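Single-letter residue listing:
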Amino acid sequence: MSDRKGCGNMIKILLVDDHLLVRQGIKKILELEEDFQVVGEAGNGEEALEILKEMKPDIVLLDINMPGLNGIETLRQIKAMEDRQKVIMLTFHEEREYLIETINLGAEGYILKDAESDSLIRGIRDVNKGGSYVHPSIAGELVKTHKKDKPEVNQDLEALKKLTRREKEVLKLISQGMNNREIANTLFISEKTVKNHVSNIFKKIHVNDRTQAAIFALKNQRDQ
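Residues numbered from 1 in each chain as written. Predicted model: local features only at pLDDT ≥ 70, side-chain atom pairs only at ≥ 80, totals over all residues. Heavy atoms only, no water.

> What am I meant to see in the overall build of the protein here?
Along the backbone of the protein there are 11 helices and 6 strands. Taken over 224 residues, the protein has a buried fraction of 49%. If you take every contact in the protein between residues at least 6 apart in sequence, the share linking residues at least 24 apart comes to 66%. Counting every atom, the protein has about 11600 Å² of accessible surface; 48% of that belongs to carbon and sulfur. (Helix = DSSP H or I, 4+ residues; strand = E, 2+ residues; numbered from the N terminus. Buried < 20%, exposed > 50% of the residue type's maximum accessible area, 1.4 Å probe, protein only. Contact = heavy atoms within 4.5 Å. Areas by Shrake-Rupley, 256 points an atom, 1.4 Å probe, with all protein chains shown as cover.)

> What should I look at first to understand unusual backbone geometry in this one?
In terms of backbone geometry, most residues other than glycine have negative phi values and most peptide bonds are trans. In this model, phenylalanine 188 sits at a positive phi of 60 degrees, which is unusual for a non-glycine residue. For phenylalanine 188, the position within the fold is in the loop between α9 (180–187) and α10 (191–205). A relative accessible area of 76% places phenylalanine 188 in the exposed class. The phi angle at histidine 206 is positive, at roughly 60 degrees, despite the residue not being glycine. Structurally, the position occupied by histidine 206 is in the loop between α10 and α11 (210–219).

> Could you clarify how one ought to interpret the sheet that holds strand β3 (residues 59–63) in this entry?
To summarise the sheet geometry, strands pair through backbone hydrogen bonds and adopt either a parallel or an antiparallel arrangement. One open sheet accounts for 6 strands, arranged β2-β1-β3-β4-β5-β6; its pairing is parallel. The sheet is open, and its two edges are formed by β2 (36–42) and β6 (133–134), each paired on a single side. Taken strand by strand, helix α1 (residues 20–30) contacts β1 (11–16), β2, β3 and β4 (86–91), and its axis lies near 165 degrees from that of β2. (Pairing = 2+ DSSP bridges. Axes fitted to C-alpha atoms, helices over the stretch in contact; angles between N-to-C directions.)

> What is the right way to read the pairing of β4 from this model?
Each regular strand shows side chains that alternate between the opposite faces of the sheet. A large share of β4 lies buried, amounting to 5 of its 6 residues. As paired strands, β3 and β4 are joined by 5 bridges and run parallel to one another. Paired with leucine 61 across the bridge in β4 is isoleucine 88. Once you follow β3 into helix α3 (residues 71–80) and on to β4, the crossover reads as right-handed. Where β4 and strand β5 (residues 109–112) come together, 4 bridges link them in parallel fashion. Residue threonine 91 lies in a different strand from β5, and its bridge partner there is leucine 112. (Right-handed = clockwise from strand over helix to strand, strands pointing away.)

> Quick question: what am I supposed to make of the packing of helix α8 (residues 165–175) against α9 here?
Packed helix pairs are characterised by how far apart their axes lie and by the angle those axes make with each other. α9 packs onto α8 with a crossing angle of 130 degrees between their chain directions and a minimal axis gap of 10 Å. Relative to α9, the element α8 lies oblique. Crossing hand, α8 versus α9: right-handed. On α9, the residues touching Arg166, Glu169, Val170, Leu173 and Ile174 of α8 are Ile183, Thr186 and Leu187. (Parallel < 35°, antiparallel > 145°, perpendicular 65-115°, else oblique. Left-handed = near helix turned anticlockwise from the far one by under 90°.)

> Sorry if this is basic, but what is going on with the environment of valine 134 here?
Residue position: valine 134 is located in strand β6. For the pair valine 134 and alanine 214, spaced 80 residues apart in sequence, the C-alpha separation works out to 9.1 Å.

In structure tokens form, the structure reads like this:
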């Protein structure tokens with residue numbers, strides 16, 4: 001464990017991937033950051049769930065495709081836990097058809113395994129601060145897939161009509177991965193006001209979390 005900063009300032013990360021070399025590579029990248037601490041590693045979903053019973057990391061980096069208990073089922077069980085840790089899915093391009101399911105289960109982020117290290121670091125920081133993160137190169141594909149799965153465009157348009165001008169501004173900033181404090185600073189309003197707007201947005205567009213809201217915004221950006 002690193003003692004470079006106090007424990008309260010560290011972002012504690014559980015790394016879950018069935019390939020040892022992948023885990024070692026990601027771990028080396030993460031440990032270059034002074035405020036990142038890999039507190040555990042697991043080679044499958046079962047191991048990850050056992051570790052989560054003992055420790056409470058801030059972020060779980062979770063591979064989608066694993067033998068035994070795969071990433072989707074592991075995510076489902078993590079989100080059913082009392083603490084509901086924030087989860088970032090690790091994926092290859094060809095696995096994007098699974099991502100809509102993980103969105104619906106409440107994953108906060110999606111990062112490609114072959115992404116630049118800066119994307120991984122930014123994604124962890126954004127999610128830890130309460131935002132969401134979708135790697136730019138798969139954001140468009142997510143929207144396309146979501147459109148195929150959700151053809152009810154008219155319902156989306158009706159939901160958009162219910163949003164106020166300010167709520168649309170907040171929704172756009174959510175889609176850019178901003179957390180409540182960053183939105184408040186950008187719009188020169190209080191965090192409490194932002195929190196109220198976010199709650200109203202979720203109700204009006206019928207989503208449960210920021211990632212679903214971000215995908216909704218990207219899917220309907222031309223109509224906003």
